[in-house]
Amino acid sequence: MAREDVKTLSDADLQGRLADLKREQLNLRFQAATQQLEKPSRVREVRRTIARIKTEQTARARAAAVEGRN
């Protein structure tokens with residue numbers, strides 16, 4: 001998921017996508033532990049997408065806080 005894709009999603013969509021990715025990350029961790037991981041690069045992809053989503057959520061929260069002060 002590209003940075004532009006993350007910015008276009010609504011807050012609820014971001015939250016849902018984050019939950020899905022965390023679940024996938026857990027499954028990937030179990031697969032890695034049992035030597036059944038087919039695509040090791042997917043672990044990195046998921047981790048970075050989670051970071052992108054959290055970064056966007058933080059940016060939106062800060063923007064809302066700044067608007068709230070004005």
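Residues numbered from 1 in each chain as written. Predicted model: local features only at pLDDT ≥ 70, side-chain atom pairs only at ≥ 80, totals over all residues. Heavy atoms only, no water.

Caption draft 1: Spatial organisation of a positive patch on the surface. The grouping of Arg3, Lys7, Arg44, Arg47, Arg48 and Arg52 at the surface amounts to a positive patch. Secondary structure elements with two or more residues in the positive patch: helix 1 (3-8) and helix 3 (41-69). It is helix 3 that contributes the most residues to the positive patch, 4 residues altogether. Along the chain, Arg48 turns up in helix 3. Taking the relative accessible area as the measure of exposure, Arg48 reaches 45% and is therefore partly exposed. (Patch = residues over 30% accessible without salt bridge, like charges linked within 9 Å, V, L, I, M, F, W, Y side chains within 5 Å. Areas by Shrake-Rupley, 256 points an atom, 1.4 Å probe, with all protein chains shown as cover. Salt bridge = Lys/Arg side-chain N within 4 Å of Asp/Glu carboxyl O. Lys, Arg positive; Asp, Glu negative; His and termini not counted. Charge placed at Lys NZ, Arg CZ, Asp CG, Glu CD. Helix = DSSP H or I, 4+ residues; strand = E, 2+ residues; numbered from the N terminus. Buried < 20%, exposed > 50% of the residue type's maximum accessible area, 1.4 Å probe, protein only.)

Caption draft 2: Representation of unusual backbone geometry. Of note in this structure, Gln35 is not a glycine but carries a positive phi near 60°. Within the secondary structure, Gln35 is located in the loop between helix 2 (11-33) and helix 3. Its relative accessible area of 73% is what places Gln35 among the exposed residues.

Caption draft 3: The arrangement of the pattern of salt bridges in detail. Counting across every chain of the model gives 5 salt bridges. In this structure, Arg23 and Asp20 form a salt bridge, with 3.3 Å as the shortest nitrogen-oxygen distance. Separated by 3 residues within a single helix, Arg23 and Asp20 lie in helix 2, roughly one turn from each other. Residue Glu24 pairs with Arg42 through a salt bridge whose shortest N-O separation is 2.7 Å. Here the residue Glu24 occupies a position in helix 2, and Arg42 occupies one in helix 3, the gap between them amounting to 18 residues.

Caption draft 4: Region of the structure containing the side chain of Glu56. Topologically, Glu56 is positioned in helix 3. When sequence neighbours within four positions are dropped, the list of residues in contact with Glu56 reads Val6, Lys7 and Leu14. (Contact = heavy atoms within 4.5 Å.)

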